[in-house]
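Residues per chain, in single letters:
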Amino acid sequence: QVHLVESGGGLVQPGGSLRLSCAAPGTVIDINAMAWYRQAPGKKRELVASIPPTGSPNYADSVKGRVTITRDNAKHAVHLQMNLLKPEDTAVYYCNIGQYYNGNYIAYEYWGQGTQVTVSS
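Analysis parameters
Residues numbered from 1 in each chain as written. Predicted model: local features only at pLDDT ≥ 70, side-chain atom pairs only at ≥ 80, totals over all residues. Heavy atoms only, no water. Pairing = 2+ DSSP bridges. Helix = DSSP H or I, 4+ residues; strand = E, 2+ residues; numbered from the N terminus. Axes fitted to C-alpha atoms, helices over the stretch in contact; angles between N-to-C directions. Phe/Tyr/Trp six-rings, centres within 6.5 Å; stacked < 30°, edge-to-face > 60°. Buried < 20%, exposed > 50% of the residue type's maximum accessible area, 1.4 Å probe, protein only. Salt bridge = Lys/Arg side-chain N within 4 Å of Asp/Glu carboxyl O.

J.: Honestly, the sheet that holds strand β8 (residues 77–82) in this entry has me stumped. Any pointers?
T.: Note on sheets: strands pair through backbone hydrogen bonds, and any given pair is parallel or antiparallel. Strand order in the open sheet formed by 4 strands is β1-β3-β8-β7, with antiparallel pairing between adjacent strands. The open sheet terminates on both sides in strands that have one partner only, identified here as β1 (5–7) and β7 (67–72). Adjacent strand axes in the sheet meet at a mean angle of 15°, parallel and antiparallel pairs treated alike. Relative to strand β3 (residues 18–23), β1 runs antiparallel, the two being bridged by 3 bridges. Each residue of the ladder has a partner; that of V5, found in β3, is A23.

J.: Help me understand the packing of aromatic side chains, please; the structure alone is not making it clear to me.
T.: Aromatic ring pairs are defined here through the distance separating the ring centres and the angle between the ring planes. Scanning the model with the defined rule gives 4 aromatic pairs in all. Ring centres of Y37 and Y105 lie 6.3 Å apart, and the angle between their planes is 55°; this geometry places the pair in the tilted category. With Y37 in strand β4 (residues 33–39) and Y105 in strand β10 (residues 104–111), this residue pair connects regions lying 68 residues apart in the sequence. Taken as a pair, Y37 and Y105 share a single burial class, namely buried. The structure contains a cluster of three or more aromatic residues connected by ring pairs, namely Y37, Y94, Y100, Y105 and W111.

J.: Before we go on, may I ask you to explain the pairing of β10 in this structure?
T.: Both faces of the sheet carry side chains from a regular strand, because those side chains alternate between them. Relative to β10, strand β9 (residues 91–101) runs antiparallel, the two sharing 5 bridges. Looking at the pairing, Y101 lines up with N104 of β10. Between β9 and β10, which pair antiparallel and follow one another directly, the connecting turn spans 2 residues, one of which, N102, has a positive phi of 55°.

J.: What should I look at first to understand the pattern of salt bridges in this one?
T.: A side chain with one charge can pair with a side chain of the opposite charge if their charged atoms come near. Throughout the structure, instances matching the rule amount to 4 salt bridges. Among the salt bridges present, the one from E46 reaches R38, with a minimum N-O distance of 2.6 Å. The partly exposed category is assigned to E46, whose relative accessible area is 34%. The shortest N-O distance in the salt bridge between R38 and D89 comes to 2.9 Å. One end of the pair, R38, is in strand β4; the other, D89, is in the loop between β8 and β9, with 51 residues separating them in the sequence.

Structure representation (structure tokens):
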């Protein structure tokens, strides 16, 4: 069992920024592809951003240009910097471990508990 712990969520005004973090013991984050998903009330969980062990990250069109995913292998963590936040970004954000297959991110069934992001004035 992989224990992922997300943090950094909160309430922010439209146009604001948040930095989410995901950590796990050992090197599981360092050696795997990682991703952030989000799930808004009444909606399906959707992929926000993913990053391979080495190489360039990928982003959903809805967040491209506003969100940056990075990994910090020294701290066994992956981060999601979110800028210019919009009310439609409101959701529970989840960290995930997975892999890439034919250029597509495939999620393993390892999820953190999620962190709530609320964008509201």
